[in-house]
Amino acid sequence: MCEAAGDDGGCGADVGPARRRRGAGRSYPRTCMKCGQGSAALVIRVGDPFCRNCFREYFMHKFRAMLGKNRIIFPGEKVLLALSGGPVSSAMLRQVQEGLSRETAKKLRFIPSVVYVDEGAVRGQSLAQREQSLARMETLLQATGFPYYLMHLEQALELPASILRPGPVTSSEPGLSYKEAVEGFIQQQRQKGNGDKDSGTSLPGPGSGDSAEGPLAASRLPAAALTQELLKLFEAVETPTAKEELLQMLRIHLILQTARTKGYTKVMTGESCTRVAIKLLTNLALGRGAFLAIDTGFKDNRHGDVMVVRPMREYMAKEIAFYNHFFDVPTVIAPPLPTKRRDKPSIHRVVERFLLGLQEDFPSTISTIYRTGEKLSSDRAKATCESQRCLLCLCALDLDGEEELALEPTLIMDELELERNGCCQDPPAAGAERKSAYIPLLCYSCRLTFKELGPVTTLPPYVRAEAQRRIH
Amino acid sequence: MPPPRCLHCSRPPALLRPRCGSPLCRGCFVRRFEAEALRSLAPGSRPPAPGPGATVAVAASGGKDSTVLSHLLQRFAPRLGWRLALVSVDEGIAGYREAALAAVRRGRGSPPLLVLSHRELFGWSVDELGPALGPGSRCTFCGVMRRQALERAARLLAADWIATGHNADDIAETVLMNFLRGDVARLRRTATEATGGTGDPTGTSRAVPRCKPLRHAYEKEIVLYAYFQGLEYVSTECVYAPQAFRGHARALLKELEAARAPAVAALGHSSRRLRVGAEGGGRVLGACRRCGFAASRELCKACVLLAALERGRPKVGLGKRALEG
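What counts and what doesn't
Residues numbered from 1 in each chain as written. Chains lettered and ligands numbered in written order. Predicted model: local features only at pLDDT ≥ 70, side-chain atom pairs only at ≥ 80, totals over all residues. Heavy atoms only, no water. UniProt positions renumbered as here; feature names shortened; annotations may be inferred. Pairing = 2+ DSSP bridges. Helix = DSSP H or I, 4+ residues; strand = E, 2+ residues; numbered from the N terminus. Contact = heavy atoms within 4.5 Å. Axes fitted to C-alpha atoms, helices over the stretch in contact; angles between N-to-C directions. Buried area = accessible area lost by both parts, 1.4 Å probe. Salt bridge = Lys/Arg side-chain N within 4 Å of Asp/Glu carboxyl O. Polar contact = N/O pair within 3.5 Å; in protein donor to acceptor, adjacent residues only side chain to side chain. Nonpolar A, V, L, I, M, F, W, Y, C, P; charged D, E, K, R; others polar. Phe/Tyr/Trp six-rings, centres within 6.5 Å; stacked < 30°, edge-to-face > 60°. Lys NZ or Arg CZ within 6 Å of the ring centre and 35° of its normal. Disulfide = S-S within 2.5 Å. Buried < 20%, exposed > 50% of the residue type's maximum accessible area, 1.4 Å probe, protein only. Parallel < 35°, antiparallel > 145°, perpendicular 65-115°, else oblique. Left-handed = near helix turned anticlockwise from the far one by under 90°. 1 Å grid on protein atoms, 1.4 Å probe; cavity = no way out; pocket = protein on both sides within 12 Å on 5 of 7 lines; lining within 4 Å. Points joined across faces, edges and corners; volume = space filled by probe spheres on them.

An unreviewed UniProt entry annotates chain A as Cytoplasmic tRNA 2-thiolation protein 2 originating from Strigops habroptila. Quoted verbatim from the Subcellular location (unreviewed entry) heading of the UniProt record, the comment on chain A is "Cytoplasm". Under the Pathway (unreviewed entry) heading, UniProt states for chain A: "tRNA modification; 5-methoxycarbonylmethyl-2-thiouridine-tRNA biosynthesis."

So, in structure tokens, the structure goes:
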């Protein structure tokens, strides 16, 4: 915000938000800045009025430009859309639908499917509420006509240890540049049949959810015992911050495993510009300064065979909200993670509240942070070999060369020492690994989170299995 | 569960250390705190610290950080083989600096004390900037000039190093502030400096190197240490502080610390490991055309600001494309 102030480059709040202080009764319809004809339906960015149609064009163009600029999604590629039911991922789904339905050469060319993870158990929803959300989601997904997978967070407890290892990077046509791939694809389409408008990306008809290789029918929730285990894991976590991190980790691992086993090479997630800015500051406060670019950038290739892509990262939350409202994009909102009254807020919550509040007074806050994030690079965030790779987040360990004092917050006092001081009432169970054995396998921020997770016995089996393998 | 006991001696604890949650009694805390400060100055530490035989100018403002710093360094100086001198800068802010300077004078101990004022060095005290700047904030002027004042003092004292009392909270606030402002250049500099790289390939640095012995100490612990040791300091807030941008970053930091205490240390870690892209590459420090002190362009920022003030257009000095003398 100080940069944007230009000549007034001082640090003070002397540049009041004068633009916003319009007197009451002075509001008048403005003309759209793009077509100059329609009356403006909304004002985006700092002060640009758009009419409904131009806004729609702008919104759709942005999505296409984002994919086109990065040239990462190859034609005919199988892409898995991660739908949370929230506004951003729902808008993303709508963009994909719109993009595929166009009959011009600018049609989007990849093959989408959708995955939805039901997190109702940890979000405090009752069984009935979960069933209801799932039913609504299934209706929504069937209407799209794309293959879909309905998953439950409980299934994360059944993941294999291999999900914590990056897969081999293979491209179906090695050595083919993006341009060549697109040209080749267009050729292929022409040869397949001229009259066939929907060739190539032939989508299955509606109701394809039944024929998709999804594991469970929507109305069947997982076994109660599995739900209990998941709840036990979350309840053992000591801080809300660690809970959020754990949830994100389990979710992304589950989605990636689905992608990996069903042959998807890309996963698209719905993170808006607002969310990216919040994530940048949050991750800074978590100690993930070394990984900001890979955590928030357009592409995230730490898993090797499956790449995570974030096409919505230039949309402000306001744009998404208006788009969804104007064009009736359906959403299924889930409640946030429940916290007890005596709990302190999570870092994620604190940063979100702060930024949204600051944005009110200084409308360029979010975009400034976003732009700062853009200047960060992701080189050296990916690990080169297993011994340098974090067990949980798969990034390169960021601790070499740090002073002892700097590393102190990441260490766990030996359980034995605790016993001697009479602090610890229950000695560690015989045969179970010590928490401290995990520490050398983790990066700085994962160490902090790990310290706040419950005892080793509550951890998901795949994490323990992989840790065991790497410790010995 | 029985009440916690001090980690080392089983007495009732006086605090839980914010960085790692360990309980410590008063005596053990004081010992640990001092031991850690000493360790951060050990030879071979990252970033490098002054070696034996060095002359170190300690920046003393009379506030809690520099009071604790000067107390600690006076205790360690014989062990480390350093020669100490105290430096105080009077920015000319009424109601703020005088009491602090008085405290410095009272508690100084044996090293020589040098007091420089903005008015003497530059011809403008921060208060006098008011009519010229209007409602704008003065932090840039105050900070840039103070930095150069410290530099000049170090030269006058023939010091090899300047020691400042920046604590973990300061460093955390700085990285938040730079991110909020989009100041990529400073973010890059903090990351390279922390690993000891000065970005100065020729080795003929024109700026006296700095060290921050308290960089890992939380503000809370510094206050507690000063209290336990009965150190006298002044804790008035600067009169202009409410207008400062740093206030936003500080508010956020306090909330983050309340939510998760290790966040302060984590921010420090993040700032050291930030990977800033190469475009807009860093500049090598040269010499200012006008005053000879360190500058990354033709003129150092202090000269740019002063030139702008003298021409009666102070705000131009603050902008990106400032007057070039």
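Draft legend 1. Layout of the sheet that holds strand E3 (residues 78–83) of chain A. All names here are of chain A. If you walk across this open sheet you meet the six strands as E5-E4-E3-E6-E8-E7, and the pairing is mixed. Each edge of the sheet is formed by a strand with only one pairing partner; in this case those strands are strand E5 (148–152) and strand E7 (299–300). For strand E4 (residues 111–118) and E5, the ladder comprises five bridges, and the chain directions are parallel. By the bridge assignment for E5, Val117 is matched with Met151. Contacting E3, E4 and E5, helix H3 (residues 127–144) runs over the sheet at an angle of about 165° to E5.

Draft legend 2. The arrangement of the interface of chain A and chain B in detail. In this assembly, 65 residues from chain A lie in contact with 55 residues from chain B. Between chain A and chain B lies a buried interface of about 5300 Å² when both sides are counted; carbon and sulfur atoms form 59% of it. Scanning the region where chain A abuts chain B turns up seven salt bridges. One salt bridge connects Arg260 of chain B with Glu452 of chain A, and the closest N-O pair in it is separated by 3.1 Å. Linking chain A to chain B there are 13 residue pairs in polar contact (both at pLDDT 80 or more). Counting only elements with at least two residues in the side of chain A that touches chain B, the list comes to helix H7 (273–286), helix H10 (347–361), helix H11 (365–374), helix H12 (404–407) and helix H14 (444–452) of chain A. Considered class by class, the residues forming the side of chain A that touches chain B number 29 nonpolar, 18 polar and 18 charged.

Draft legend 3. Broad picture of the packing of aromatic side chains. Within this structure, the stated rule accounts for 16 aromatic pairs over all chains. Look at Phe55 of chain A and Tyr58 of chain A: their rings are 6.3 Å apart centre to centre, the planes differ by 25°, and that puts the pair in the stacked class. A residue pair is termed a helical-turn pair when its members lie 3 or 4 positions apart in one helix, as Phe55 of chain A and Tyr58 of chain A do in helix H1 (residues 52–70) at three residues. Taking 5.9 Å as the distance between ring centres and 40° as the angle between the ring planes, the aromatic pair formed by Tyr227 of chain B and Phe228 of chain B counts as tilted. Positioned above the aromatic ring of Phe327 of chain A is the side chain of Arg56 of chain A, whose terminal nitrogen or guanidinium carbon lies 5.1 Å from the ring centre.

Draft legend 4. View of the state of the cysteines. Residue and element names in this part refer to chain A. Taken as a whole and assessed by the stated rule, the structure comprises zero disulfides over all chains. The cysteine Cys32 is free of any disulfide, with Cys54 supplying the nearest cysteine sulfur at 3.7 Å. By relative accessible area, Cys32 is classed as buried at 2%.

Draft legend 5. Quick peek at the packing of helix H6 (residues 139–156) of chain B against helix H12 (residues 301–310) of chain B. Residues and elements named next belong to chain B. Where H6 contacts H12, the two axes come as close as 9 Å, and the packing angle between them is 130°. In terms of their interaxial angle, H6 and H12 are classed as oblique. The two elements H6 and H12 cross, and the hand of that crossing is left-handed. The residues of H12 that touch H6, namely those facing Thr140, Phe141, Val144, Met145 and Gln148, are Lys301, Ala302, Leu305, Leu306 and Leu309. Residue composition of the contact of H6 with H12, by class: seven nonpolar, two polar and one charged.

Draft legend 6. Spatial organisation of empty space enclosed by the protein. All names here are of chain B. Counting across every chain of the model gives four cavities of 30 Å³ or more. Volume-wise, the largest cavity comes out at about 90 Å³. Where the lining of the largest cavity is concerned, the elements lending two or more residues are helix H7 (168–181) and helix H11 (263–273). For the lining of the largest cavity, the element with the highest residue contribution is H11, accounting for four residues.

Draft legend 7. Inspection of the packing of helix H1 (residues 26–39) of chain B against helix H9 (residues 219–228) of chain B at higher detail. Residues and elements named next belong to chain B. Where H1 contacts H9, the two axes come as close as 11 Å, and the packing angle between them is 115°. Every pair of crossing elements has a handedness; the one defined by H1 and H9 is left-handed. Contacts from Arg26, Phe29, Val30, Phe33 and Glu34 in H1 reach Glu221, Ile222, Leu224, Tyr225 and Phe228 in H9.

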